[in-house]
Amino acid sequence: MRLQTRIILLMILFFMLFLAFGVVLIRVLLTPVQITAEEEIAEINLARVAQALRRESEHLGVLIGDWAQWDETYRFVQDRNLKFQVTSLSSDTFRKTRLDLLIFIDRNGETVWSNQFDRPAQQQRYISELPSGDWPLDHPLLQFEDLKKPKTGILVTGHGPLQIASSPVLTSMGTGARQGTVVMGRFLDQDEIKRLNEQTRVSFNLHPAGEAQVPDETYRLPYYLDRFELLPEARALLQDPDFSHLLGEDSELSEPRFYRDPQAPDRMRIFAHYPDIHGEPALLLEVRVPRIFNHLGRRLAMVVFASLAAIGILFSAVHLIIIRRIVTKPLGRLRQHIAEVQTDESLSERIGVRSNSEIGELVHEYNKMLERLEEDRRRRVEAEGQLRASERRFKELSIRDDLTGLYNTRYFYQGLKHHFEKCARLNKPLALIFLDVDRFKQVVDTHGHIRGSQALREVAQTIKACIEAPAFAVAYGGDEYVVVLPDRNRADAVRKAEEIRAHMSATSYLAEHGLDVRLTASFGIAGFPEDAQDLELSLIHI
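Computed from a predicted model, the values in this text were never measured in an experiment.

Enquirer: Got a minute to help me understand the overall build of the chain in this structure?
Expert: Along the backbone of the chain there are 13 helices and 14 strands. Per-residue burial over the chain gives 40% buried out of 542 residues. Pairs at least 24 apart in sequence give 64% of the contacts found in the chain among residues at least 6 apart. When the accessible surface of the chain is split by element, carbon and sulfur atoms take 54% of a total near 31500 Å².

Enquirer: Explanation requested: the pairing of strand 6 (residues 180–187) in the structure shown.
Expert: Regular strands show a simple pattern: their side chains alternate between the two faces of the sheet. The buried count for strand 6 comes to 8 of 8 residues, which makes it a mostly enclosed element. Burial along strand 6 is two-sided: Gly180, Val182, Met184 and Arg186 and Thr181, Val183, Gly185 and Phe187, pointing in opposite directions, are all buried. As paired strands, strand 1 (residues 101–106) and strand 6 are joined by 6 bridges and run antiparallel to one another. Across the sheet, residue Ile105 finds its bridge partner in strand 6, namely Thr181.

Enquirer: What is the right way to read helix 10 (residues 409–426) from this model?
Expert: With 18 residues, helix 10 should cover 26 Å at 1.5 Å per step; its first-to-last C-alpha distance of 25 Å lies within 8% of that length. Within helix 10, the full set of buried residues consists of Phe412, Gly415, Leu416, His419, Phe420 and Cys423. Down the axis of helix 10, the buried set is contained in an arc of 135°. They therefore lie on one face. A side-chain oxygen of the first residue of helix 10 lies 3.2 Å from the backbone nitrogen of Arg410; this N-cap is Asn408. Note on helix 10: the residue one or two positions beyond its end, Asn427, has a positive phi of about 60°.

Enquirer: Where do I start with the layout of surface pockets in this structure?
Expert: Size it by volume and the second largest pocket reaches roughly 290 Å³. Around the second largest pocket, the lining residues are Glu58, Gly61, Gln143, Phe144, Glu145, Asp146, Lys149, Pro150, Lys151 and Thr152. Of all elements in the fold, only helix 1 (3–68) and strand 4 (151–157) reach the threshold of two or more residues within the lining of the second largest pocket. Among the residues making up the lining of the second largest pocket, the classes are represented as 2 nonpolar, 3 polar and 5 charged.

Enquirer: Would you take a moment to explain the sheet that holds strand 7 (residues 203–208) for this structure?
Expert: By way of backbone hydrogen bonds, the strands of a sheet pair with one another, either parallel or antiparallel. Across the sheet, 4 strands lie side by side as 7-10-9-8; this open sheet has antiparallel pairing. Each edge of the sheet is formed by a strand with only one pairing partner; in this case those strands are strand 7 and strand 8 (257–260). Taking each pair of neighbouring strands and ignoring which way they run, the sheet shows an average axis angle of 25°. Across 4 bridges, strand 8 lies against strand 9 (residues 267–275) in antiparallel orientation.

Enquirer: It is not clear to me how the sheet that holds strand 6 should be interpreted in this structure. Could you clarify?
Expert: Spatial strand order, 3-2-1-6-5-4: 6 strands in an open sheet with antiparallel pairing. If you trace the sheet from one side to the other, it starts and ends with strand 3 (123–124) and strand 4, each paired once. Here helix 2 (residues 71–79) sits on the sheet and contacts strand 1, strand 2 (111–118) and strand 6; the angle it forms with strand 1, its principal contact strand, is near 65°.

Enquirer: What should I look at first to understand helix 5 (residues 190–200) in this one?
Expert: One turn of the α-helix equals 3.6 residues, which is why residues spaced by three or four share an orientation. When helix 5 is considered as a whole, its buried residues turn out to be Glu192, Ile193, Leu196, Asn197 and Thr200. Looking straight down helix 5, one finds that the buried residues subtend no more than 145° of arc, so they occupy a single side. Turned more than 90 degrees away from the buried face of helix 5, the exposed residues are Gln190, Asp191, Lys194 and Glu198. Phi for Arg201, located one or two positions after helix 5, is positive at around 60°.

What counts, and where the lines are drawn
Residues numbered from 1 in each chain as written. Predicted model: local features only at pLDDT ≥ 70, side-chain atom pairs only at ≥ 80, totals over all residues. Heavy atoms only, no water. Helix = DSSP H or I, 4+ residues; strand = E, 2+ residues; numbered from the N terminus. Buried < 20%, exposed > 50% of the residue type's maximum accessible area, 1.4 Å probe, protein only. Contact = heavy atoms within 4.5 Å. Areas by Shrake-Rupley, 256 points an atom, 1.4 Å probe, with all protein chains shown as cover. Pairing = 2+ DSSP bridges. Expected span 1.5 Å × (residues − 1). Arc of directions from axis to C-beta. Polar contact = N/O pair within 3.5 Å; in protein donor to acceptor, adjacent residues only side chain to side chain. 1 Å grid on protein atoms, 1.4 Å probe; cavity = no way out; pocket = protein on both sides within 12 Å on 5 of 7 lines; lining within 4 Å. Points joined across faces, edges and corners; volume = space filled by probe spheres on them. Nonpolar A, V, L, I, M, F, W, Y, C, P; charged D, E, K, R; others polar. Axes fitted to C-alpha atoms, helices over the stretch in contact; angles between N-to-C directions.

Given below as structure tokens:
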């Protein structure tokens, strides 16, 4: 075994032992701290839920205060007028205020008006925990220490927990003799709990005391430190008057109990009793909070484990990485690039190596060689392109008439033979138009040879404008032209000749020179197979 390999294995063993010691140390020291922090956060969330319930009761107390201390209510309890029932006690009232219970009681305990409404089912329901007829005057909801302060709280019913409030009926100014009592209620059903979940951003539920399914004691978490010894945020809440009665020594809540969630190990469940309107434990609050610190602790342990492992591996392999970076990798790139050049013959890519070593110089010389090869290839490609362009140009010149730009007689015989053989093979027609400009010698004698040549070019343009591929025109000689019409019969040739004649008659030739020369022509028509059966002996000599 090489010495380098032995050193690497010993270093790996050392770091594994060091890592195991670190993991044990983290679990022993960090676990109690993280559980305590989670319990403090859970208690804060529990207090937020209890505060939300308390504020909901206070809001209900404000609402009932507006109703109870109102002149209209004051008169309604006395005279039971129908107008108040129609305008103020409609179904919209229950919908807008989210009320499930509204009762008006006069000062003798007689029920003036009552509605116990099931809003989700849109029907009446009976709450057996409240008097069904007249109310006894000593009923707790009719007893007030301060007539201007409503009584609020929670009443556990067979339909679920009910937020309930009662207030004495007084005038709008809060004066006058008490005429009765108003009782309001709102069930803490699933819709209300969902709304409070969204409001507090805490996942919780309410259970009647004694009916909740508390996890087994094996899931209970130990309580490591005294309350609020860890987080300064929790200690600050004790100074808040809105929370002090919930979290202080005289807390309305019972001592909380903490459990791991059996269905979700990364979640904690905290339970505490919440009192009803009479001060007795009535509801069991269940708050579910994620075990953030537990999750972070595991992640921290994994990060420490991975970091130590990475340091060991990195430290053990650093010299191999240096060798690979300085020698192996550049040579590998050079070998790969040479293989790519052999495969696709691409010379444009260069190898980038920033090094002043011998390998860097080798790569630099290799790149210079590629540049020279690329330049040679570029010049060769340009020369080949120019040669092909010259060949195309010379070929074009060899089949074109210099004067008119039409095909010459050389191309005429080659092209005619090709199209004739094709039409004969496919049993298709072919037609020729022979055209001779009339009295062209007079044009030359009158206007000169230069103007005559210009007139021949213009006649050629007239003919070219009247035909489309695969038809083509040929300058046959002097003032004579031939038009080859593949896939066209003799009748088609007659129509095309008439079209050319009409265009010539309508054209003013030599107009660029200030002249108005009118030209006509004589036409000859030959068609295959109408007029001839072969090319050399018949069609061309007709």
